[in-house]
2 protein chains.
Amino acid sequence: MLKFSINKSLFLQALLATKRAIASKNAIPILSSLKLEVSSSAITLTGSNGQISIENTIPTSNENAGLLISSTGSILLEASFFINVVSSLPDVSVDLEEIDHHQIVLKSGKSEITLKGKDVDQYPRLQEVGTSNPLVLETKLLKTLIAETAFAASQQESRPILTGVHMVLANQEFKAVATDSHRMSQRKLRLEDSTTEFDVVLPSRSLREFSAVFSDDIKTVEIYLSDSQVLFKSEHISFYTRMLEGTYPDTDRLLTNQFETEVVFKTESLRHAMERAFLISNATQNGTVRLEIEADKVSAHVNSPEVGKVNEELETLSQSGSDLTISFNPTYLIEALKALKSESVTVRFISPVRPFTLTPADDAENFIQLITPVRTN
Amino acid sequence: MLKFSINKSLFLQALLATKRAIASKNAIPILSSLKLEVSSSAITLTGSNGQISIENTIPTSNENAGLLISSTGSILLEASFFINVVSSLPDVSVDLEEIDHHQIVLKSGKSEITLKGKDVDQYPRLQEVGTSNPLVLETKLLKTLIAETAFAASQQESRPILTGVHMVLANQEFKAVATDSHRMSQRKLRLEDSTTEFDVVLPSRSLREFSAVFSDDIKTVEIYLSDSQVLFKSEHISFYTRMLEGTYPDTDRLLTNQFETEVVFKTESLRHAMERAFLISNATQNGTVRLEIEADKVSAHVNSPEVGKVNEELETLSQSGSDLTISFNPTYLIEALKALKSESVTVRFISPVRPFTLTPADDAENFIQLITPVRTN
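Rules and cut-offs
Residues numbered from 1 in each chain as written. Chains lettered and ligands numbered in written order. Predicted model: local features only at pLDDT ≥ 70, side-chain atom pairs only at ≥ 80, totals over all residues. Heavy atoms only, no water. UniProt positions renumbered as here; feature names shortened; annotations may be inferred. Phe/Tyr/Trp six-rings, centres within 6.5 Å; stacked < 30°, edge-to-face > 60°. Buried < 20%, exposed > 50% of the residue type's maximum accessible area, 1.4 Å probe, protein only. Pairing = 2+ DSSP bridges. Helix = DSSP H or I, 4+ residues; strand = E, 2+ residues; numbered from the N terminus. Axes fitted to C-alpha atoms, helices over the stretch in contact; angles between N-to-C directions. Contact = heavy atoms within 4.5 Å. Buried area = accessible area lost by both parts, 1.4 Å probe. Polar contact = N/O pair within 3.5 Å; in protein donor to acceptor, adjacent residues only side chain to side chain. Nonpolar A, V, L, I, M, F, W, Y, C, P; charged D, E, K, R; others polar. Salt bridge = Lys/Arg side-chain N within 4 Å of Asp/Glu carboxyl O. Parallel < 35°, antiparallel > 145°, perpendicular 65-115°, else oblique. Left-handed = near helix turned anticlockwise from the far one by under 90°. Least-squares fit on C-alpha atoms with pLDDT ≥ 70 in both.

Chain A has the name Beta sliding clamp in an unreviewed UniProt entry, where Streptococcus hyointestinalis is given as its organism. UniProt, in the comment section headed Sequence similarities (unreviewed entry), describes chain A in these words: "Belongs to the beta sliding clamp family." Quoted verbatim from the Subcellular location (unreviewed entry) field of the UniProt record, the comment on chain A reads "Cytoplasm".

Caption draft 1: Structural context of the packing of aromatic side chains. Residues and elements named next belong to chain B. Counting across every chain of the model gives 18 aromatic pairs over all chains. On the numbers, 6.3 Å between centres and 55 degrees between planes, the contact of phenylalanine 232 with phenylalanine 239 is tilted. A relative accessible area of 2% places phenylalanine 232 in the buried class. The class of phenylalanine 239 is buried, set by a relative accessible area of 0%.

Caption draft 2: The arrangement of the sheet that holds strand β5 (residues 68–71) of chain A in detail. If you walk across this open sheet you meet the 9 strands as β5(A)-β1(A)-β7(A)-β8(A)-β9(A)-β21(B)-β20(B)-β19(B)-β23(B), and the pairing is antiparallel. One side of each edge strand has no neighbouring strand; the edge strands of this open sheet are β5 of chain A together with β23 (324–328) of chain B. Along the sheet, successive strands turn relative to each other by an average axial angle of 15 degrees, direction set aside. The strands touched by helix α2 (residues 79–88) of chain A are β7 (93–99), β8 (103–108) and β9 (111–116) of chain A; relative to β9 of chain A, the strand with the most contacts, the crossing angle is about 175 degrees. Docked against the sheet, helix α5 (residues 267–281) of chain B engages β9 of chain A together with β19 (289–294), β20 (297–304), β21 (308–313) and β23 of chain B, running at close to 165 degrees with respect to β21 of chain B.

Caption draft 3: Spatial organisation of the interface of chain A and chain B. Contact with chain A, which involves 25 residues of that partner, is made by 26 residues of chain B. Approximately 2300 Å² of surface area, both sides summed, lies buried where chain A meets chain B, with 56% of it carried by carbon and sulfur atoms. The largest share of the area that chain A buries against chain B comes from Lys110, Arg276 and Leu279 of chain A, three residues that together contribute 24% of it. If you look at where chain A meets chain B, you find 16 residue pairs in polar contact (both at pLDDT 80 or more). Residues that form the side of chain A that touches chain B fall into these classes: 11 nonpolar, 6 polar and 8 charged. Note that β9 of chain A and β21 of chain B share 5 bridges and pair antiparallel.

Caption draft 4: Up close: the pattern of salt bridges. Applying the stated rule across the entire model yields 27 salt bridges over all chains. Where aspartate 252 of chain A meets lysine 175 of chain A, a salt bridge forms, and the shortest distance between an N and an O atom there is 3.0 Å. Of this pair, aspartate 252 of chain A sits in the loop between β17 (237–242) and β18 (261–266) while lysine 175 of chain A sits in strand β12 (residues 173–179), placing them 77 residues apart in sequence. Residue classification places aspartate 252 of chain A among the partly exposed residues on the basis of a relative accessible area of 41%. Note that glutamate 315 of chain B and lysine 266 of chain B form a salt bridge whose closest N and O atoms lie 3.7 Å from each other. In this pair, glutamate 315 of chain B is assigned in the loop between β21 and β22 (316–321) and lysine 266 of chain B in strand β18 (residues 261–266), connecting sequence segments 49 residues apart. Assessed through its relative accessible area of 40%, glutamate 315 of chain B is described here as partly exposed. What emerges from the salt-bridge pattern is a single network uniting Asp180, Arg183 and Glu335 of chain A.

Caption draft 5: Layout of unusual backbone geometry. All names here are of chain A. Positive phi is not limited to glycine here, since asparagine 171 has a value of about 50 degrees. Considering the arrangement of structural elements, one finds asparagine 171 in the loop between β11 (164–170) and β12. Despite not being glycine, serine 181 has its phi angle at roughly 80 degrees, a positive value.

Caption draft 6: Summary view of the packing of helix α5 (residues 267–281) of chain A against helix α2 (residues 79–88) of chain B. The contact between α5 of chain A and α2 of chain B brings their axes to 9 Å, and the two run at 165 degrees. On the basis of the axis angle, α5 of chain A is roughly antiparallel to α2 of chain B. Taken as a pair, α5 of chain A and α2 of chain B cross one another with a handedness that is left-handed. Where α5 of chain A abuts α2 of chain B, its residues Arg276, Leu279 and Ile280 of chain A lie against Phe81, Asn84, Val85 and Ser88 of chain B. Its residues assigned to classes, the contact of α5 of chain A with α2 of chain B shows 4 nonpolar, 2 polar and 1 charged.

Caption draft 7: Highlighting the relation of the copies chain A and chain B. Each copy superposes on the other: chain A lies on chain B with an RMSD of 0.0 Å after a rotation of 180 degrees and an axial shift of 0.0 Å. Each copy turns onto its partner about a two-fold axis. Comparing interface residues between copies, 100% of those in chain A also sit at the interface in chain B, which points to an isologous, same-surface contact.

Caption draft 8: Representation of the environment of methionine 167 of chain A in the model. Residue and element names in this part refer to chain A. Position of methionine 167 among the secondary structure elements: in strand β11. You can call methionine 167 buried: its relative accessible area is 2%. Here the alpha-carbon distance between methionine 167 and aspartate 199, two residues 32 residues apart in the chain, equals 5.9 Å. In this structure methionine 167 touches Leu145, Ile146, Phe174, Lys175, Ala176, Phe198, Asp199, Val200, Leu202 and Leu207, once residues within four positions along its chain are discounted.

Caption draft 9: Spatial organisation of the sheet that holds strand β25 (residues 356–360) of chain A. All names here are of chain A. Spatial ordering of the open sheet is given by β14-β11-β12-β13-β26-β25-β24-β18-β22, a layout of 9 strands whose pairing is antiparallel. Sheet topology places β14 (198–203) and β22 (316–321) at the edges, where each strand pairs with a single neighbour. Within the sheet, the average angular offset between the axes of one strand and its neighbour, ignoring direction, is 15 degrees. Bridge count between β11 and β12: 5 bridges; the pairing is antiparallel. Note that in β12 the partner of alanine 170 across the bridge is glutamate 173. Along the sheet, helix α4 (residues 204–213) contacts β11 and β14; its crossing angle with β14, the most-contacted strand, is approximately 85 degrees. Sheet strands touched by helix α6 (residues 330–338): β13 (183–190), β24 (344–349), β25 and β26 (367–371). Its angle to β26, the strand with the most contacts, is close to 170 degrees.

Caption draft 10: Layout of the pairing of β18 of chain A. Residues and elements named next belong to chain A. A large share of β18 lies buried, amounting to 5 of its 6 residues. As judged from the 5 bridges shared by β18 and β22, these two strands associate in the antiparallel manner. Across the sheet, residue phenylalanine 265 finds its bridge partner in β22, namely threonine 316. Judged from the 6 bridges that link them, β18 and β24 form a sheet pairing that is antiparallel. Residue pairing for β24: glutamate 262 is matched across the bridge by arginine 348.

Caption draft 11: Fine view of the UniProt feature "domain: DNA polymerase III beta sliding clamp central" (unreviewed entry) in chain A. Feature annotation in UniProt assigns "domain: DNA polymerase III beta sliding clamp central" (unreviewed entry) to the following positions: residues 137–250 of chain A. Within residues 137–250 of chain A, the helical portion is 18% and the strand portion 41%, while the C-alpha atoms at the span's ends are 26 Å from each other.

This is how it looks when you write it as structure tokens:
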């Protein structure tokens, strides 16, 4: 039966990272538990919601952990409750010891708390992913790529495949694409040394959790694939997510180099103007903003008969091509601009009924977004 | 029709303070509006939820307001929406002008937003309170008194009078008491110069809102009373709250100087122990903590058969009197200790079935709290 002592705040930090995979209400009740496994050289915390799983390992070699293992073993504990109890303890360290009937005693300072746990046999087996030949990426690069694409995935389960991000690695090019059929975001990354190839669709929600769990001090991440799961691995954290099944739509056919009108905006100033437009357009169902591009002026207009209207001249850095009037949901443009880190953005239009594209003025090759207009009149 | 220009951030600050009185969903729909009145020397913002009303005045003499009034008038505007629009404006200043049909145009930078408003005649008349012979208090003192008592008022409408704080000023003594019949908190304040006398019950929720609206840079507050309302007034803010009707129970009879057992605890250490106890006791309905006072040891115990148990020795500074075992809901003790600013707390017990009292070790005369035990076995 397990017995160890550990630094409270380091233990708590690992518990909280693991808890990100645990839903307090799950169709499978046992998944609200956290699995605590103690080996002779480390403790491992496991949490899962059936979609993603997180394994967090604290080795005795971690000097900040103050980890002293007296006896090995494993137990399941109600995750939220256990974490609240650990966080309430008075001392800087905590002793944990399993006693009869899957109970665990926590001692810290003069406090002694006994909690009921469960047998680890009740915990489902998490699918395994082989760990050979990883693709190694800078964590920061992968998180940027996720931030630039995952938001554009669909939130609706009507077409499940669109809730994912399509990630393709082929010919030393890593491409990530997401679309909810109203807008699309695609980021490419050149990986000169890579010999790996894959083509997977990963849930955008899993990718956002990955970004939250892998903090910026984790320099690199190893990526492993099985038939149905992907494992993102650092020295002490293993993050598993299932893949989405199905064929991702061909998004390349949506992209064209053709355009009739081009305007370069300051990213932030355009975003603020669209946020004002959204306040008024949002008062009407399916409210849109109308962009008027004329030779001497680019302006935005909203008219929501119930609440009011907006008329606003937009600041531009440059403009070329024909005059054009186009209407769209300002939310899509706001979210697209938030994903853009460059100070200026190039927007290219073909016609009032064809999607328009956004590219950062400084990296048009590798990052492109597309927004579908709304037909009005 | 009104027309003025004003500094955006100062305007926004006043709007947000006024909005604290406005509920987004109110049984009286017009109360989701904010009243904007422009006189020749000031603008006044009014919000109300029927229980409390806030009037915020910005005079032209306020140099930070950059207030230029071109024309007087008044209009009702949907509060949340108007505030979101003002906060989205691009420039540091905003021009407001009423046009035909109760519409208002906001201009800021290159942005022009038109909003629909309503006729002020639709706004209910807020009851008036005469402004002569105020009681003047330090804002900080009044806010402390509220923080020490309002939390102990009832949250339940079954006995509406108990949702209030009983405030009595007589013989130069200001006394505030709140109780939900399980616990009580009473604070007294000596006001040497006061000739005013009153006896009112004010909703604890109103008092908490008052504390949020009157920031610490407002040095003093004037208090005025009518038959049914109280007005708290500073130079630019008028805060009205209705009184609760009915007779407040006689709480003085609950207090006695008699006691059998006295223990002095460190406030914070006792609170943390009770928070741990609460985590476990809370897993059981009506769960309690059992305090055991013995000659050589004071300890706390919880047993929740479903989840686990707590046994904890408590740090004491001193103790006297007979041994005693008493059970109570730890929530009441946690909240009582949070209201206490002193480092140590004196707890006095009569018997396991009689309420026990808490007093700050440094001001036992003026601040006393009382908690009713739970009979077990």
